[in-house]
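Geometric and topological summary
Chain by chain, the residues:
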Amino acid sequence: MEKKNFTLVSGFALFSMFFGAGNLIFPPTLGLWVGSGFIPGIIGFLLTAVGLVMLGVIATTKAGGNLENIAGKLGSKSGFIFGTLVLLSIGPGLAIPRTAATTYELLQVGLFENLNPVLTSVVFFAIVLFFVLRPTDIVDNLGSILTPTLILLLLVLIVKGVVSPLSTVIDTGMENVFAKSFEEGYQTMDALAALAFTSVIISGYELKGITDLSKIYSLTAKAALIAGAGLCLVYGGLIYIGATTSSMGVESLTRVELLIFMAEGLLGKIGTVAMCIIMILACLTTAIGLTSAFSAFFERMTKGKVKYTTWAIIAAVFSGFLAVKGVETIVKISVPILLMMYPVSIVLVVLNLLDGRPCIKKLTYVGGVIGALLPTLSSILSSLGISPGLLDAFYGLFPETVQAFAWMVLAIAFAIIGTLLDRN
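Residues numbered from 1 in each chain as written. Predicted model: local features only at pLDDT ≥ 70, side-chain atom pairs only at ≥ 80, totals over all residues. Heavy atoms only, no water.

Counting its secondary structure elements, the protein chain contains 17 helices and zero strands. Here the protein chain holds 424 residues, and 54% of them are scored as buried. Look at the contacts in the protein chain between residues 6 or more apart in sequence, and 84% of them connect residues 24 or more apart. Of the roughly 17,400 Å² that the protein chain leaves accessible, carbon and sulfur atoms contribute 68%. (Helix = DSSP H or I, 4+ residues; strand = E, 2+ residues; numbered from the N terminus. Buried < 20%, exposed > 50% of the residue type's maximum accessible area, 1.4 Å probe, protein only. Contact = heavy atoms within 4.5 Å. Areas by Shrake-Rupley, 256 points an atom, 1.4 Å probe, with all protein chains shown as cover.)

Our focus in this paragraph is unusual backbone geometry. With a phi angle near 50°, Asn-176 is a residue other than glycine that sits in the positive phi range. Among the secondary structure elements, Asn-176 is positioned in the loop between α8 (138-163) and α9 (177-184). Phi at Lys-303 takes a positive value of approximately 55°, unusual for a residue other than glycine. Structurally, Lys-303 can be placed in the loop between α12 (255-301) and α13 (308-323).

Considering the arrangement of structural elements, one finds Thr-103 in helix α6 (residues 95-110). Residues in contact with Thr-103, not counting those within four places in the same chain, are Phe-124, Met-279, Ile-280 and Cys-283.

A few words now on the packing of helix α3 (residues 38-63) against α9. Remark: α3 packs on α9, axes separated minimally by 7 Å, with the N-to-C direction vectors making an angle of 35°. Pair α3 / α9 crosses with right-handed handedness. Facing α3, whose interface residues are Pro-40, Gly-41, Ile-43, Gly-44, Phe-45, Leu-47 and Thr-48, α9 presents Val-177, Phe-178, Ser-181, Phe-182 and Glu-184. In terms of residue class, the contact of α3 with α9 is built from seven nonpolar, four polar and one charged. (Axes fitted to C-alpha atoms, helices over the stretch in contact; angles between N-to-C directions. Left-handed = near helix turned anticlockwise from the far one by under 90°. Nonpolar A, V, L, I, M, F, W, Y, C, P; charged D, E, K, R; others polar.)

To continue, consider the packing of aromatic side chains. Throughout the structure, instances matching the rule amount to ten aromatic pairs. Look at Phe-124 and Phe-125: their rings are 5.1 Å apart centre to centre, the planes differ by 80°, and that puts the pair in the edge-to-face class. Take Phe-124 and Phe-125: they sit in the same class, and that class is buried. (Phe/Tyr/Trp six-rings, centres within 6.5 Å; stacked < 30°, edge-to-face > 60°.)

This part covers the environment of Val-306. Note that Val-306 resides in the loop between α12 and α13. In sequence terms Val-306 and Ser-295 are eleven residues apart; their C-alpha atoms lie 9.5 Å from each other. In this structure Val-306 touches Glu-299 and Trp-311, once residues within four positions along its chain are discounted.

A cluster of nonpolar side chains, contributed by Ile-39, Ile-43, Leu-47 and Phe-178, occupies part of the molecular surface with about 350 Å² of accessible area. Residue contributions to the nonpolar patch peak at three residues, all from α3. Of note, Ile-39 is situated in helix α3. (Patch = residues over 30% accessible without salt bridge, like charges linked within 9 Å, V, L, I, M, F, W, Y side chains within 5 Å. Salt bridge = Lys/Arg side-chain N within 4 Å of Asp/Glu carboxyl O.)

In this section: the confidence of the model for the protein chain. The pLDDT averaged across the protein chain works out to 80; a share of 84% of its residues lies at or above 70. Confidence scores differ between elements of the protein chain, with helix α16 (residues 389-395) showing the lowest mean pLDDT of 64 and α3 the highest of 89. (pLDDT = per-residue confidence, 0-100.)

In a soluble, globular protein the nonpolar side chains are often hidden away together inside. If you look at the biggest cluster of nonpolar residues, it comprises 122 residues, and the most contacted ones within it are Phe-18, Phe-19, Leu-24, Phe-82, Ile-90 and Leu-348. Apart from residues lying up to four places away in sequence, Phe-18 is in contact with Asn-23, Val-53, Met-54, Val-57, Asp-190, Ala-193, Ala-194, Phe-197, Leu-231 and Thr-286. (Core = buried A, V, L, I, M, F, W, Y, C linked by side-chain atoms within 4.5 Å.)

Moving on: the packing of helix α7 (residues 117-132) against α13. Packed helices, taken two at a time, are described by the angle between their axes plus the distance between the axes. In the contact formed by α7 and α13, the axes pass within 10 Å of each other and the chain directions differ by 160°. Compared by their axis directions, α7 and α13 come out roughly antiparallel. Relative to α13, the crossing made by α7 is right-handed. Residues Ser-121, Phe-125, Leu-129 and Val-132 of α7 pack against Tyr-308, Ala-312, Ile-313, Ala-316, Ser-319, Gly-320 and Ala-323 of α13. For the contact of α7 with α13, the per-class residue count stands at eight nonpolar, three polar and no charged. (Parallel < 35°, antiparallel > 145°, perpendicular 65-115°, else oblique.)

Moving on, we get to the side chain of Ser-295. Here Ser-295 is to be found in helix α12. Residue classification places Ser-295 among the buried residues on the basis of a relative accessible area of 0%. A polar contact of 3.1 Å, which involves the side chain of Ser-295, links it to the backbone nitrogen of Ala-312. (Polar contact = N/O pair within 3.5 Å; in protein donor to acceptor, adjacent residues only side chain to side chain.)

Attention now moves to the environment of Ile-151. As for its placement among the helices and strands, Ile-151 is situated in helix α8. Each C-alpha atom of the pair Ile-151 and Phe-15 lies 9.6 Å from the other, and the pair is 136 residues apart in sequence.

The next point concerns helix α10 (residues 190-207). Quick reminder: α-helices carry 3.6 residues per turn. Residues three or four places apart thus point the same way. Compared with an ideal rise of 1.5 Å per residue, which puts 18 residues at 26 Å, α10 spans 25 Å between its outermost C-alpha atoms and is within 8% of the ideal. The largest bend along α10 reaches roughly 40° and is located at Ala-196. Taken across its 18 residues, α10 has 15 buried, putting it largely inside the fold. Looking one or two places after α10, you find Gly-209, whose phi comes out positive at around 90°. (Expected span 1.5 Å × (residues − 1). Bend = angle between axes of the 7 residues up to and from the residue.)

Right, here's the structure in full:
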């Protein structure tokens, strides 16, 4: 395969790995919430669900191509801890079981009322392992077979939803739309996944004989742009379609039920079947990529003592167990974890992109991460009934519309302090 064509396939592969369960169930519900505010909603969501993801791919490539390299400036132990937390979050701890749980609920609501969740989970992860245990074919299989079908089905649904809206878009009265949409983008977990998926794409280039680091950096950046363009189109379309349901009194529907409602309203029973196919493909491709990245990371961390195949089986079994708990339960668990992981990931991505400049030192990384973690500490203490007065006073300095971004001020301030201390 020519390098140019493989870059296109790699871009499709990145798109398919990023576009999983969360990417289908969160944008329509966000659209329902924001209604006529769908434009700032789309912008806020795309910043974290696409912009940050693409920067994460580029930063990881620049840092060395592996997840642990991103936090490496904090020290080898910190890199291992951060990598472990990310892989558990986007792996068998949250994201992988969510793909199987979402697949089951969609099939159960849309097609098979008496479907067994255990049987669904077993079949789902058997398919995942089939692909994961053939790692040399992962990029080709994802990019050449699954993704074109996924894109075609999505385009039919989105075009229909734009040309023939389900209903009138209304003002839902939601406040701070941009900030809430920005944080809603966390739920896709794609910025965390980007730090792990990048190594899969780079491995694909190396298997094709491309070993020059500058060439790999260039090709990976191009693949990221291709994936980003596709994600923007799909997210924007799904948020808008969700906004067209804002006047239909469907606020009580779950995320999965809203998907079924939209699909059937736009395309009838064919739409329901199509949505099930989309979900299965999206969840499978994401689970394949996540399981592969999880297994490769821990094989490296154990220096090959525990093999890739063993880690893949462990991930599949554990994820299958959690999957039967259901989507909403998994989402509730993920919220506090993501509110902690995302600010730290943003700081590390930005600093890795700036790495090499005289002002970026080891303590710059340390300070930035500490500053990003302080708001999380505040939230944890508040949930325990302990009010961290100093942080509360700090947040009170900002209008409510921008309080969601106040952690950035702390991260920048502590990063500057760290830089000054490192120089001294």
